[in-house]
Amino acid sequence: MPKDEDPTIYACIHGHFYQPPRENPWLEDIEREESAAPFHDWNERIADECYQPNAAARILDGQGRVVDLINNYRHLSFNFGPTLLRWMERRRPRAYAEILDADKRAVEERGHGNAVAQVYNHVILPLANRRDKETQVRWGMRDFEHRFGRKPEGMWLAETACDKETLEVLADNGIQFTVLSPHQAKRWRFLDGSGWTPSTNGDIPTGRAYLYQQHRGRPLHLFFYDAAIAKGIAFDGMLADAHHLVGAVEGAFAKRNAAPGGPKEGEPWLVHTATDGESYGHHFKFGDMALASAFAKLRADKRVCLTGYAQFLARSPVRAEADILDVSAWSCAHGVGRWSRDCGCNVGGGPGWNQRWREPLRAALDGARDTLAAHYEREMGKLARDPWATRDAYIDVVLDPSRTDELVADRAKKKLSAEERVTFFRLLEMQRCALLMYTSCGWFFDDIGGGESVILMKYAARALALGIATGGATGVDAEAALMETLKGARSNVPGPKGEPVTGADIYLQRAKVAAITPDNVAVSHALQALAEGPRRSSRLYAYDVTLKDETAFKKGRVPCVFGRVTITDTRTDEAADTVYALAHFGGLDFRCCTAQFASDADLQARLERVRAAAVEGSTPAMVRALDEAFGHRSFSLRDAFKDLRQQAARALGAEKIGLLEALGDELLESHRALLLALRDLDVPLPLHVETLASHVLSRRADALVAELVTPVDDDDADFTWRALSSQLRGVVEETSALGLTLGVARSGELLGDALVAALDRLREEPGDAEAAVARRLVDAIAVLGIQPRQWQVQTSAYALAKGAREVPALGDALRKHRDLLEALDALCHTRFAALALP
């Protein structure tokens, strides 16, 4: 059959992009995760390996040079977890914007977006009660509408886990479709009156949408993805070559009539599959590029129509209906046992490991949830007309904290006092954390001591703390019951002395210790004040810190800062008026004392004691003064926020290391001739000498680069650049002569960031000055022989080249500076000069 007479191949590849909420529940931000090094945390690492690259995936020519960039989200059906998008909005705004834009363009071009909503924080809905099912779906829908500017048509279920009640909740809330594994289908039939066909071993025909009819409510449609293609992507190396993925799509379409139940005459047939989106770059390096290449090949084939689920559903009359298994998921062969019991599903673990801890962990959280729910209903019932409708509406405040007054006005049954308002939002935060403590990853992996399970317990600890704050004995009793149940959850990993470790131990030692009090905020603020000087107000994670008074004593032998701040929890409006004093006794030895503000006279009396000790300048005097002014309770550097205390430790350590570096610099200068002579005679330098010399030269290069990227006056710019570049070249030559290697990761970051900024400025404001800055940065990078921030530089260079084709002024400017484009091509291994100036 001639190619142009072939039936249309409707193709849809769905990516499920998700990470568990890793934030410290008290801070609303992620603290450093050492296991993700060299990245700050796992969200950052996966974003740089997957989420960001898919927004500008590379297409290569035959020589491996980048010739085009594709936003994979433009052609992919996708869902992002709402809590992940919340993080990306703050931490990866560029990729976040590309994701939103991809859906917007799909709506403009096809009438339907390619983004799909997700249940809010990836809860296994069959294991949730009806009320939590409703809130998870409604929060997921509202988050989607807030970000994408339209109502969702479809919704992704965590682990595709579903039961009949879950599908009923989707339909009742206006969701039109969801995507399931073919192994979740129980039976199917055509709507023309044909009998039911059992679906065994996932053999339901996957190329159509199926109607799922409830006993009541609105209809829902089900798509069952192609499991063979999904397995190929996730486990069988299909992303090693784009041809494999394209061939799988074409092969699945060619076999559409091979089994019973294929397309009826004239029925459009959809080849579609679904996997974790992290396959495209995180699980498989360059998976984003394989996907982009596959999309390019499919788009070039006139037989193929890349589509999304909503678009296909709109254009294709539904001809069949399906029923599902009672309880099922795509990643557990035992219903939803993986999230409730030791069903046998795991990711490997150690020899002899088991997952019997799953059941008591769920039982402990269920008990806390139910106790807190009754407490919430009782206490919120005193403040709001409908406590559970108020919880559903709280998502608007989570998305936009400026709407707190609006929520109170809409939902409160009376005018709330300041104290009642704090209680109102404490109760809502308690419920939010009670929802977040059910994120599915906490049960997915092999041990209760894993980071994902600890995250759940942190949210439980925060929920219970808020329960205690609003209900006293109720919260205390709920926490005691949780601890008792967690004693039955035994970890596979023993303690340091071989002793058994239980979930209760982990809760106390790794979850509850994450709690933040106003004292911790005050310590962190004081540490910053001592290092950086006073600030009128600041934001420390989820807390606003307003400075009322501050006095610094930095000239004595014991530097000290004394002050008063108001610390406000931005989520609950709870405020603490706190007095503090922090003394630095040298090295990493800090002592901070805090107290509630009592009166101006009390404040002055405390200040005078500290002032007298600062004047005397001795450690005993300061210790005695702090004890007299605040009592014996004190805090150390360990009580500051984790990232802040690490920064402080590094900064203080750098002072001492600087002395060693100065000594190393002097030694290198004194013995350069000897080292070069040894090198000429092929005598290996001692390892410790090599290490010291490399470190000294690397730091010199870093210092020169820091000056290079610092803006200078226009009149001096060229001279300064030439002088610094000459010195940098000298460092590189000396390093080479000694047979050493520069460690210039920091220089690479500085130069890469500066080049990206220069290219972006040149694109926005074409001119000789910006072109000159960009060219100088490229030259400096070439001197060091590095490729810093390659993905970001390539992306900015591509935008510059593409802009030259679309904006005449930019095209004219770049014709004068074609050498810059050619230098960028050489640096980035691209072919963008030809794109900009054909």
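What you are looking at is a predicted structure, and each value in this text was computed from that prediction instead of being measured.

Conventions we followed
- Residues numbered from 1 in each chain as written.
- Predicted model: local features only at pLDDT ≥ 70, side-chain atom pairs only at ≥ 80, totals over all residues.
- Heavy atoms only, no water.
- Helix = DSSP H or I, 4+ residues; strand = E, 2+ residues; numbered from the N terminus.
- Rg over C-alpha atoms; globule rule 2.2 N^0.38 Å.
- Areas by Shrake-Rupley, 256 points an atom, 1.4 Å probe, with all protein chains shown as cover.
- Lys, Arg positive; Asp, Glu negative; His and termini not counted.
- Charge placed at Lys NZ, Arg CZ, Asp CG, Glu CD.
- Buried < 20%, exposed > 50% of the residue type's maximum accessible area, 1.4 Å probe, protein only.
- Pairing = 2+ DSSP bridges.
- 1 Å grid on protein atoms, 1.4 Å probe; cavity = no way out; pocket = protein on both sides within 12 Å on 5 of 7 lines; lining within 4 Å.
- Points joined across faces, edges and corners; volume = space filled by probe spheres on them.
- Nonpolar A, V, L, I, M, F, W, Y, C, P; charged D, E, K, R; others polar.
- Core = buried A, V, L, I, M, F, W, Y, C linked by side-chain atoms within 4.5 Å.
- Contact = heavy atoms within 4.5 Å.
- Salt bridge = Lys/Arg side-chain N within 4 Å of Asp/Glu carboxyl O.
- Axes fitted to C-alpha atoms, helices over the stretch in contact; angles between N-to-C directions.
- Expected span 1.5 Å × (residues − 1).
- Patch = residues over 30% accessible without salt bridge, like charges linked within 9 Å, V, L, I, M, F, W, Y side chains within 5 Å.
- Left-handed = near helix turned anticlockwise from the far one by under 90°.

Draft legend 1. Here's a closer look at the overall build of the chain. For the chain, the count of helices and strands is 30 helices and 21 strands. Against the globule reference of 28 Å for 838 residues, the chain gives a C-alpha radius of gyration of 31 Å, in line with a compact fold. With the principal axes as the frame, the chain shows a C-alpha extent of 95 × 75 × 55 Å. A total accessible area of about 36100 Å² is found for the chain, and carbon and sulfur atoms account for 51% of it. Here the chain contributes 104 positive and 118 negative side-chain charges, whose respective centroids are spaced 3 Å apart.

Draft legend 2. Inspection of the pairing of strand β17 (residues 537-540) at higher detail. Because side chains alternate across β17, one face comprises the buried residues S538 and L540, and the other comprises S537 and R539, none of which is buried. Both β17 and strand β18 (residues 543-553) contribute to a ladder of four bridges, which runs antiparallel. Its bridge partner lying in β18, R539 is registered against D544. Joining the antiparallel neighbours β17 and β18 is a turn of two residues, in which Y541 adopts a positive phi near 55 degrees.

Draft legend 3. Looking closely at empty space enclosed by the protein. Enumeration over the complete set of coordinates arrives at six cavities of 30 Å³ or more. Computed from the structure, the largest cavity encloses a volume of approximately 90 Å³. What lines the largest cavity is simply P21, E23, E28, T83, R86, Y120, R432, L436 and Y459. Partitioned by chemical class, the residues of the lining of the largest cavity number four nonpolar, one polar and four charged.

Draft legend 4. Representation of the pairing of strand β9 (residues 185-190) within the structure. Bridge count for β9 against strand β15 (residues 320-324) is five bridges, and the pairing is antiparallel. Within β15, the position partnered with A185 by the bridge is I324. Pairing geometry for β9 and strand β10 (residues 197-198), over two bridges, is antiparallel. Following the sheet pairing, R187 is matched in β10 by P198. Between the end of β9 and the start of β10, which pair antiparallel, lie six residues, with G193 showing a positive phi angle near 105 degrees.

Draft legend 5. The arrangement of the nonpolar core in detail. Ranked by internal contacts, the top residues of the largest apolar core, which has 172 residues, are Y51, Y73, F80, M88 and F424. Per-element accounting of this core gives the leading share, 10 residues, to helix α16 (residues 451-471). Excluding residues within four positions of it along the chain, Y73 makes contact with F17, C50, Y51, N54, A55, F78, F80, I99, A102 and N114. In terms of nonpolar packing, the next biggest core, distinct from the first, is built from 55 residues, L724, A758, A774 and I781 among them.

Draft legend 6. Summary view of the pattern of salt bridges. All told, the structure shown has 71 salt bridges when counted by the stated rule. E379 serves as the salt-bridge partner of K382, at 3.2 Å between the closest nitrogen and oxygen. When its relative accessible area of 17% is taken as the criterion, E379 is described as buried. In this structure, the salt-bridge partner of E574 is R426, at a minimum N-O distance of 2.8 Å. Of this pair, E574 sits in the loop between β19 (560-569) and β20 (575-584) while R426 sits in helix α14 (residues 418-436), and the two are 148 residues apart along the sequence.

Draft legend 7. Representation of the sheet that holds strand β11 (residues 209-212) within the structure. Taken in spatial order, the six strands make up an open sheet running β8-β12-β11-β15-β9-β10, and their pairing is mixed. A strand with exactly one partner marks an edge of an open sheet, and here the two such strands are β8 (177-180) and β10. Running over the sheet, helix α5 (residues 164-172) touches β8, β11, β12 (220-224) and β15 and is turned about 120 degrees from β12.

Draft legend 8. Structural view of the environment of G348. Residue placement: G348 occurs in the loop between β16 (327-328) and α10 (358-380). Along the primary structure G348 and A389 are separated by 41 residues, whereas in three dimensions their C-alpha atoms are 42 Å apart.

Draft legend 9. View of α16. Over its 21 residues, α16 extends 30 Å from the first C-alpha to the last, a length consistent with the 30 Å expected when each residue adds 1.5 Å. Looking one or two residues beyond α16, the residue adopting positive phi is G472, at roughly 60 degrees.

Draft legend 10. Local environment of the layout of surface pockets. The calculated volume of the second largest pocket comes to roughly 1400 Å³. Along the wall of the second largest pocket there are 43 residues; nearest its centre are F39, D48, Q52, W791 and Q792. The set of elements that each furnish at least two residues to the lining of the second largest pocket consists of α1 (42-51), β2 (57-60), α2 (82-91), α3 (93-110), α8 (287-300), α22 (642-680), α25 (745-764) and α27 (790-806). For the lining of the second largest pocket, a count of residues per class yields 15 nonpolar, 10 polar and 18 charged.

Draft legend 11. Just a nonpolar patch on the surface, in detail. Residues L663, L667 and L692 make up a contiguous nonpolar surface patch of about 240 Å² in total accessible area. Examined against the element boundaries, L667 turns out to sit in helix α22.

Draft legend 12. Summary view of the packing of α27 against helix α28 (residues 808-816). Running from N to C, α27 and α28 cross one another at 115 degrees; their axes reach a closest spacing of 6 Å. The element α27 and its partner α28 pack so that their crossing is left-handed. Judged by residue contacts, L800, G803, A804 and E806 of α27 engage P808, L810, G811 and L814 from α28. Its residues placed into classes, the contact of α27 with α28 shows five nonpolar, two polar and one charged.

Draft legend 13. Quick look at the sheet that holds β19. Read across the open sheet, the five strands follow the order β17-β18-β19-β20-β21; overall the sheet is antiparallel. The open sheet has two edge strands with one neighbour each: β17 and β21 (590-596). Between one strand axis and the next, the sheet turns by 30 degrees as a mean value, whatever way the strands run. Bridge count between β19 and β20: nine bridges; the pairing is antiparallel. Looking at the pairing, C560 lines up with A583 of β20. The sheet contacts of helix α21 (residues 619-630) involve β19, β20 and β21, and relative to β21 the element is tilted by about 15 degrees.

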